[in-house]
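Residue-level structure breakdown
Chain by chain, the residues:
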Amino acid sequence: MTSGSRTAPTGFTGLSDEDVALRLARDGANVLPQRRPVRLWRRVVAQLRDPLIVVLLVAAALTMATADWTDMTVILLVVTVNTAVGVGQELRAERAISALSRLTAPTARVIRAGTQREVPAAGVVVGDLLVVAEGDIVAADATLREAAALTVDESALTGESVPVDKSLTDDRALSAGTVVVRGRGRAVVTATGAASATGRIAQLLDRHAARTPLQRRLSDVGRLLAGVTVALCAVVLALGLVRGEPVELMVVTAISLAVAAVPESLPAVVTLGLALGARRMAERHALIRELPAVEALGSVTVLATDKTGTLTEGRMVVREIWTPAGEAVVTGSGYGPGGEVRVNGSGPAALPAVTELLSAAALCNDAHVSSPVADEDSWAALGDPTEAALLSAAAKVGVDREELHARLPRIGERPFDSDRKRMTTMHRLPGGGHRVICKGAPEVVLNPAVLSDDPGLLRQAAERADRFAHNGFRVLAVASADRVTGSAPGDDPEHDLRLLGLIAILDPPRAAAADTVAACRRAGIRPVLITGDHPGTARAIATDLGIIEPGDPVIDCRGTADGQFATAAVFARATPAQKLEIIEALHADGQIVAMTGDGVNDGPALRRADIGVAMGRRGTEVARQAAGLVLADDNLDTVVAAVEEGRRVYSNIRRFLVYGLSGGAAEIAVMLLGPFLGLALPLLPAQILWINLLTHGVPGVALGGEPAEPESMRRAPRPPAQSILGAGLWQRVPRIAIVLTAVTLGVAVWAHHTDRPWQSMAFFALGATQLGVALGSRTRLRSRDNPMLIVAVGVAFALQLAALYLPPLQQLLGTEAVGFADLLIVIVLSLLGFAAVRLDRIVHPSPTARAAPQP
């Protein structure tokens, strides 16, 4: 594992080859740390320690003891598949850390021994003199020694949507993995490998991921089933021995009941439900990396989301324009020319003033906008995104940038830097002389030393700029002046300029973001915004999307106590570590958290959340690998669909539990109560296993494909601490089990007293009544969304009939043929299983069916 280093930098001539070799040997390569791989057998053991899997393993051992090789094989197959899937998911999740290394530039330019050379990024060492220019990915943490109009995009690390200016007098630090947007510079490497900014995030990402709510709840069910099964089977064994039944017969019966009481199809039901949900999500451009992620989304109580590129488009656009002659609103999205400029000014001078302003902004500009190369591509910015937004707005009023530059070529410039906070260019006029154009922050441009306008106009412009800033806009002021032929372009140009106006720029919300927030609120999910941006920008976006009301507070994480992390709805200036702390605080508050994001800075939080959702197109590889769900089309609306799928999966798992546990409870109750009604051994061990195989097999698995319940997205989320057997489910199990038991014992007692084949009739009644419960458990009786269930129940019923009439099965199961009239009576009585489920849903509706409160 590479630890990195932070030794003192050297001079401008760079390192010698001998120094590089020594430092490379001392500090290691400039690569991210890799965890020691977990051995395969440890992964397998960790999967087998799950309580439900333990119950299944015990059941397999018991079937082995009874030489029931068929059931043993089926149970072990379920365990094997479940374990293989779990291990595979772990291996995929661990790619999150290794993906960080892909952000390191494959090559880097350095100066060594006084000459510039290109070297592999892994060979960069502390003390190297890096050379960076527009488009370069910074190979390691470094401190600037030279800078010329250097601007760096740090959004992947910090979440800030606006590129950061770097200079020798202000911000001199460059971070590994960031991208140079404009300018050039030289910097001395101060940290590599694990000690770099990207390496520190990798260490955060290395924390152990929490289990999903489904995994936690199924563990609870497994422990409960283990205890109850052992206790009840021990009672059956003891009662049989007291009655004088053969020891071997009662041991086999107890073992059979143990197998029957365990819903061994539950892992298959879970896997099928999640797989179907994942397939439906893939059809809507959502890729499931970990199957439990589907269910986890359905149980979230908090949706924590990043801003840049997630709630917003991640592309700067001009939204409003102010000029002394009037104002205008700009429509459209992205960097393309689509949209228009709507002038709201009073008088015919408004439109020419806006055109003049945008023409000047297009001239004083170093960015370029490239058109789509394919139908599915969008217009792209080359250079500073803010300047690209100015070019897009100028195109909307008909300004041809190429023609403009040809008519007014640039003959001089003063680049933007963080000290002056403005950029000035000089352009040759066709009739002689030159035009000076200055654009920059309002606080430096709206200055009497720069502008010659009336002080009243400057105050008016300053007030308008303040209102723009308060609403979350980035504001630029633009001024110009034409100089006579005698003035030299090299003279100080930034004086006696005329104010052209103000341009308000925004990273706009995505079109679907507001609907997504509203849908989450309807579903009782609390939206939370976590961003590295300025509090004013965070407030504007959060208010616009409905995350907070206009007067609600916005938390600035630079001065916030951890105690506030669990209660606020908007967090600004959050670092990657603080994002992680916010998620953990929400967990400590009992919340189940989904986190959306697209940057490297989101990786640790995506990994720590119960479910991470990454943007597929704009998202970094780190975010995609850390998440359980990747939105291939970056459409937030898919998150709402995923929540619905998650709730569907969870409901189907609970539906199967009612079905499987009520049937198992009925089987045990029949064996316990039968002897007290004169039925020495109500069912043979083979009969119990046959019923269990038919009912818990394909029909039980088919229940996992039931469609979503109506109004599922208007229900409150499940309480985080609620058991999977909660919300009335555990009460429903005994109510249905009582009906199954009563039908089975009633048929058996009647047949016994009338000299009919009572044991065979009880065997058929118990199986057929459970199949009736499966049909009654459907979400919508007339729906054709899950034909597999109808087919599965039909096949199981036919096999149950075959067990009564086919000689090989009669011999295997110890059954006898039943007369047609008696069979018809039992079939009619078995419909009580169907009726019991439907009536129970009406009389005892689920408490979760209430409308979701608005968070």
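Scroll up to find the structure this text is about.
Residues numbered from 1 in each chain as written. Predicted model: local features only at pLDDT ≥ 70, side-chain atom pairs only at ≥ 80, totals over all residues. Heavy atoms only, no water.

**Description of helix α30 (residues 820–843)**
- In this model, α30 (24 residues) spans 35 Å end to end at C-alpha, consistent with the 34 Å of a helix rising 1.5 Å per residue.
- Its maximal kink placed at A835, α30 deviates by approximately 25 degrees.
- Among the residues making up α30, those that are buried are D822, L823, V826, S830, G833, A836, V837 and D840.
- Elements in contact with the buried residues of α30: α26 (729–753), α27 (758–776) and α28 (787–805). (Helix = DSSP H or I, 4+ residues; strand = E, 2+ residues; numbered from the N terminus. Expected span 1.5 Å × (residues − 1). Bend = angle between axes of the 7 residues up to and from the residue. Buried < 20%, exposed > 50% of the residue type's maximum accessible area, 1.4 Å probe, protein only. Contact = heavy atoms within 4.5 Å.)

**Re helix α18 (residues 513–522)**
- Residues of α18 that are buried: A513, T516, V517, A519, C520 and R521.
- As for α18, its buried residues are in contact with β9 (302–305), α12 (307–311), β20 (526–530), α19 (535–545) and α23 (637–673).
- Following α18 by one or two positions, G524 has its phi on the positive side, about 80 degrees.

**Topic: the packing of aromatic side chains**
- Following the criterion strictly, the structure yields three aromatic pairs and no others.
- Measuring from centroid to centroid gives 5.8 Å for F468 and F473, while their planes differ by 75 degrees, and the two rings are edge-to-face.
- Of the residues examined, F468 reaches a relative accessible area of 1% and is grouped as buried.
- Between the aromatic rings of F764 and F797, the centroid separation amounts to 5.8 Å while the plane-to-plane angle is 65 degrees, which identifies the pairing as edge-to-face. With F764 in helix α27 and F797 in helix α28, this pair connects stretches of sequence that are 33 residues apart.
- Judged by its relative accessible area of 24%, F797 is partly exposed.
- Note that R464 overlies the ring of F468, its terminal NZ or CZ placed 4.0 Å from the centroid. (Phe/Tyr/Trp six-rings, centres within 6.5 Å; stacked < 30°, edge-to-face > 60°. Lys NZ or Arg CZ within 6 Å of the ring centre and 35° of its normal.)

**Describing the packing of α23 against α26**
- Interaxial distance between α23 and α26 falls to 7 Å at its minimum, and their mutual angle equals 45 degrees. One finds that α23 runs oblique with respect to α26. Judged by the twist between their axes, the crossing of α23 over α26 is right-handed. Each of R654, L657, V658, L661, S662, G663, A665, A666, A669, V670 and L673 in α23 lies in contact with α26, whose residues at this interface are L729, R732, V733, I736, A737, L740, T741, T744 and L745. (Axes fitted to C-alpha atoms, helices over the stretch in contact; angles between N-to-C directions. Parallel < 35°, antiparallel > 145°, perpendicular 65-115°, else oblique. Left-handed = near helix turned anticlockwise from the far one by under 90°.)

**Details of unusual backbone geometry**
- Phi angles above zero are rare outside glycine, and A113 is one such case at about 55 degrees.
- Here A113 shows up in the loop between β1 (107–112) and β2 (115–120).
- Despite not being glycine, D496 shows a phi value in the positive range, around 55 degrees.
- Among the secondary structure elements, D496 is positioned in the loop between β18 (474–483) and β19 (498–506).

**Comments concerning a nonpolar patch on the surface**
- Nonpolar side chains collect at one region of the surface, where V698, M788, V791, V795 and L799 lie side by side and expose about 430 Å² of accessible area between them.
- Top element by residues in the nonpolar patch is α28. It accounts for four residues.
- Assessed through its relative accessible area of 46%, V698 is described here as partly exposed. (Patch = residues over 30% accessible without salt bridge, like charges linked within 9 Å, V, L, I, M, F, W, Y side chains within 5 Å. Areas by Shrake-Rupley, 256 points an atom, 1.4 Å probe, with all protein chains shown as cover. Salt bridge = Lys/Arg side-chain N within 4 Å of Asp/Glu carboxyl O.)

**Some remarks on the sheet that holds β19**
- One open sheet holds the eight strands; their spatial order is β12-β11-β10-β19-β18-β17-β16-β15, and the pairing between them is antiparallel. Every interior strand has two partners, whereas the edge strands, β12 (341–343) and β15 (410–414), have only one. The sheet shows a mean angle of 20 degrees between the axes of neighbouring strands, direction not considered.
- By the bridge criterion, four bridges tie β15 to strand β16 (residues 422–428) in an arrangement that is antiparallel. Note on β16: the bridge partner recorded for E413 is T425. (Pairing = 2+ DSSP bridges.)

**Side note on the sheet that holds strand β8 (residues 286–288)**
- Taking strand neighbours across the sheet as the criterion, the eight strands line up as β8-β25-β24-β23-β9-β20-β22-β21 in an open arrangement whose pairing is mixed. Two strands close off the open sheet at either side, each with one partner strand: β8 and β21 (555–556).
- With four bridges joining them, β9 and strand β23 (residues 593–597) adopt parallel strand pairing. The residue of β23 that forms the bridge with L303 is A594.
- The sheet contacts of α19 involve β20, β21 and β22 (570–572), and relative to β22 the element is tilted by about 155 degrees.
- Packing of helix α20 (residues 576–588) onto the sheet brings it into contact with β9, β20, β22 and β23, and relative to β23 it is tilted by some 160 degrees.

**Structural notes on the packing of helix α24 (residues 685–696) against α27**
- At a minimum axis separation of 10 Å, α24 and α27 run at an interaxial angle of 20 degrees. Relative to α27, the element α24 is oriented roughly parallel. Where α24 crosses over α27, the handedness of that crossing is right-handed. Of α27, the residues touching α24 (which contributes Q687, W690, I691, T695 and H696) are Q759, F763, L766, G767, Q770 and L771.
- Of the residues contributing to the contact of α24 with α27, the split by class is five nonpolar, six polar and no charged. (Nonpolar A, V, L, I, M, F, W, Y, C, P; charged D, E, K, R; others polar.)

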